[in-house]
Amino acid sequence: MKLVFLDFDGVLNSSGFLYGSGEPFSTTSADEKIDPEAVRRLNEITDRTGASIVVSSAWRIGKRVADLRGLLHRHGVTGQVVGATPTGGRTRGDQIAESLEYQQRLGRVIESFVILDDDRDMGPLTDALVKTTQARGLQDEHVAQAIEILGEK
Ligand SMILES: [Mg+2]
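In this text, all values refer to a predicted model and were calculated from it rather than measured experimentally.

Peer 1: It is not clear to me how the sheet that holds strand β2 (residues 52–55) should be interpreted in this structure. Could you clarify?
Peer 2: With parallel pairing, the 5 strands of this open sheet are ordered in space as β3-β2-β1-β4-β5. Here the strands that pair on one side only, and so sit at the sheet edges, are β3 (81–84) and β5 (129–131). Sheet twist, expressed as the mean angle between neighbouring strand axes with direction ignored, is 25°. Of the pairings in the sheet, the one linking strand β4 (residues 112–117) to β5 comprises 3 bridges and is parallel in character. Its bridge partner lying in β5, Asp117 is registered against Lys131. In the packing of helix α5 (residues 140–150) onto the sheet, the strands contacted are β1 (2–6), β4 and β5, and the crossing angle to β4 comes to about 155°.

Encoded structure:
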């Protein structure tokens, strides 16, 4: 299987999206903090590669995978949401590495994976990082990079 490790803040939203009007974002509702353009780009990645999604965003804390799946699907995400990375006091890269080991222990063969994130703390997994920016979030160039790493189906 192919996996997309998905951050939300700085990937599915951006300061450009949240504050583009010049007004501070008017709500604290998490549900309104996802940019439809970023969702469209994420869908292009999963559609063209067949990759499934594992949530690595801090949004996963205190939520069940079913809640994250529901939230993403309400926003039009079409990819299959198969899990979330473990939480704990380590770096995000460590959490993703642990998740990969867990998938392999379940007998899943990881054909390829990509990390969509605006942070860099991926350690030895940095080759799989497609680094977005908090200012702009997921852009077309990141779609191309992610598809290159994952491979088209
Ligand atoms: Mg982020």
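Peer 1: Sorry if this is basic, but what is going on with the side chain of Ser14 here?
Peer 2: Within the element layout of this structure, Ser14 appears in the loop between β1 and α1 (15–19). Within the structure, Ser14 has its side chain in polar contact with the backbone nitrogen of Phe17 (distance 3.1 Å). When near neighbours in sequence (up to four residues on either side) are disregarded, Ser14 contacts Gln134, Ala135, Arg136 and Gly137.

Peer 1: Honestly, the packing of helix α2 (residues 36–49) against α5 in this entry has me stumped. Any pointers?
Peer 2: For any two helices packed against each other, the geometry comes down to the angle between their axes and how far apart the axes lie. Put simply, α2 and α5 touch, their axes get as near as 10 Å, and they point 20° apart. With respect to their mutual orientation, α2 and α5 come out roughly parallel. Taken as a pair, α2 and α5 cross one another with a handedness that is right-handed. Taking contact as the criterion, the partners of Arg40, Arg41, Glu44, Ile45, Arg48 and Thr49 in α2 are, on α5, Asp140, Val143, Ala146, Ile147 and Leu150. In the contact of α2 with α5, the residues fall into 5 nonpolar, 1 polar and 5 charged.

Rules used throughout
Residues numbered from 1 in each chain as written. Predicted model: local features only at pLDDT ≥ 70, side-chain atom pairs only at ≥ 80, totals over all residues. Heavy atoms only, no water. Pairing = 2+ DSSP bridges. Helix = DSSP H or I, 4+ residues; strand = E, 2+ residues; numbered from the N terminus. Axes fitted to C-alpha atoms, helices over the stretch in contact; angles between N-to-C directions. Contact = heavy atoms within 4.5 Å. Polar contact = N/O pair within 3.5 Å; in protein donor to acceptor, adjacent residues only side chain to side chain. Parallel < 35°, antiparallel > 145°, perpendicular 65-115°, else oblique. Left-handed = near helix turned anticlockwise from the far one by under 90°. Nonpolar A, V, L, I, M, F, W, Y, C, P; charged D, E, K, R; others polar.

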